[in-house]
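Spelled out, the chains give:
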Amino acid sequence: MTHDTTHDTTHDTTASNKLMDRFDGHQSVWLFGYGSLIFKADFPYLQRRPASIRGWMRRFWQGSSDHRGTLQAPGRVATIVEQAGAVCDGMAYLITPAVFFHLDHREKNGYLRLATSIAFDDGSSSEGLVYIAAHDNAAFLGEASEIDIARHIARSTGPSGPNRDYLNDLAVALRALGKSDSHVFAIEQHLARIP
């Protein structure tokens, strides 16, 4: 019997996400995006609205071996970590449950669906979900200084392109929303000084 080590290394969460039945029977559900989902909506959606979630902050602490890096040299991408009083800004999409098939595959490298309250910029809110790569997933790289994260990103590339593009596209998308993120913008500044 052979053992599929690739499955273990990438921590494929597709099967686990299929078990989440919180929104079964719903015609549509809100999805909150805080990373590449802000600037790369490669799925159909019914509505798209700027939004935020409370109690979470965006951090480049998750490894990416399937999009912005490789198994041998994973890149760094965004996840969210709990932080009392924090607000994470992003984009919410109203989607049908059929879209989960695509999203579960796209976010399979350590991300799990989590139900959350989503606040919209107009003051309204709705229950929805977010994909989160928690600290106990196999691809989690953990905390590092913003300069070290920039150095890591500068040398990483994967099937979806250079890791640098992911960070820069996210920074541009946040500015387009009129939002600030000191972590992302600090990494962006350090990255700009690395050839």
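Whatever comes next refers back to the structure up there.
Residues numbered from 1 in each chain as written. Predicted model: local features only at pLDDT ≥ 70, side-chain atom pairs only at ≥ 80, totals over all residues. Heavy atoms only, no water.

(A) Summary view of the side chain of Arg68. For Arg68, the location among the structural elements is in the loop between β2 (47–64) and β3 (75–95). Buried charge without a partner: Arg68 forms no salt bridge, and the closest opposite charge is Asp165, 4.8 Å away. At 3.1 Å, the side chain of Arg68 and the backbone oxygen of Ser160 are in polar contact. A distance of 2.9 Å separates a polar side-chain atom of Arg68 from the backbone oxygen of Pro162. (Helix = DSSP H or I, 4+ residues; strand = E, 2+ residues; numbered from the N terminus. Buried < 20%, exposed > 50% of the residue type's maximum accessible area, 1.4 Å probe, protein only. Lys, Arg positive; Asp, Glu negative; His and termini not counted. Salt bridge = Lys/Arg side-chain N within 4 Å of Asp/Glu carboxyl O. Polar contact = N/O pair within 3.5 Å; in protein donor to acceptor, adjacent residues only side chain to side chain.)

(B) Expanded view of the nonpolar core. In this structure, Phe60, Ile95 and Leu103 are the most contacted members of the largest nonpolar core, which totals 49 residues. If one sorts the elements of this core by residue count, β3 sits on top with 11 residues. (Core = buried A, V, L, I, M, F, W, Y, C linked by side-chain atoms within 4.5 Å.)

(C) Just the environment of Arg155, in detail. Considering the arrangement of structural elements, one finds Arg155 in the loop between α5 (146–154) and β6 (157–158). Residue Arg155 is classed as exposed on the basis of its relative accessible area of 62%. The spacing of Arg155 and Gly69 is 86 residues in sequence and 9.3 Å in space, taken between C-alpha atoms. Separated by 3.4 Å, the side chain of Arg155 and the backbone oxygen of Arg151 make a polar contact.

(D) Expanded view of helix α7 (residues 182–192). Every buried residue belonging to α7 is among His183, Val184, Phe185, Ala186, Ile187, Glu188 and Leu191, and all of these are buried. Residues of α7 that are buried in the fold lie against β2, α5 and α6 (163–176). Where α7 begins, the side chain of Asp181 points an oxygen toward the backbone nitrogen of His183, at a separation of 3.0 Å. (Contact = heavy atoms within 4.5 Å.)

(E) A look at the pattern of salt bridges. In this structure the tally under the stated criterion is 9 salt bridges. Between Asp66 and Lys108 there is a salt bridge whose closest N-O contact spans 3.5 Å. Of the two residues, Asp66 is situated in the loop between β2 and β3 and Lys108 in the loop between α4 (100–106) and β4 (112–120); the sequence distance between them amounts to 42 residues. When the shortest N-O distance is used, the salt bridge between Asp148 and Arg151 registers 2.9 Å. Placement of both Asp148 and Arg151 in helix α5 is noted, with a separation of 3 residues, approximately one turn of the helix. Within this structure, Asp42, Arg106 and Glu107 form a network of salt bridges that share partners.

(F) Broad picture of the pairing of β2. The sheet contact formed by β2 and β3 spans 15 bridges and is antiparallel. From the neighbouring strand, Gln47 faces β3, where its bridge partner is Leu94. (Pairing = 2+ DSSP bridges.)

(G) The arrangement of the packing of aromatic side chains in detail. Taken as a whole and assessed by the stated rule, the structure comprises 6 aromatic pairs. Here Phe39 and Tyr166 contribute two aromatic rings whose centre-to-centre distance is 5.9 Å and whose plane-to-plane angle is 80°, an arrangement assigned as edge-to-face. Here Tyr166 lies in helix α6 and Phe39 lies in helix α3 (residues 36–39), a separation of 127 residues in the sequence. Taking relative accessible area as the criterion, Tyr166 reaches 5% and is therefore assigned buried. Taking the centre distance of 6.2 Å and the plane angle of 65° together, the rings of Phe43 and Tyr45 count as edge-to-face. (Phe/Tyr/Trp six-rings, centres within 6.5 Å; stacked < 30°, edge-to-face > 60°.)

(H) A look at α6. With 14 residues, α6 should reach 20 Å at 1.5 Å per residue; the first-to-last C-alpha distance of 20 Å fits that figure. Along α6, the residues classified as buried are Asn163, Tyr166, Leu167, Leu170, Ala171, Ala173 and Leu174. Summarising the axial view, the buried residues of α6 lie within an arc of 165°, below the 170-degree limit, and thus occupy one face. In α6, the exposed positions angled more than 90 degrees off the buried face are occupied by Val172 and Ala176. Once α6 finishes, Gly178 follows within two positions and takes phi at roughly 75°, a positive value. (Expected span 1.5 Å × (residues − 1). Arc of directions from axis to C-beta.)

Interpretation note: all reported values are geometric properties and have no functional meaning in isolation.
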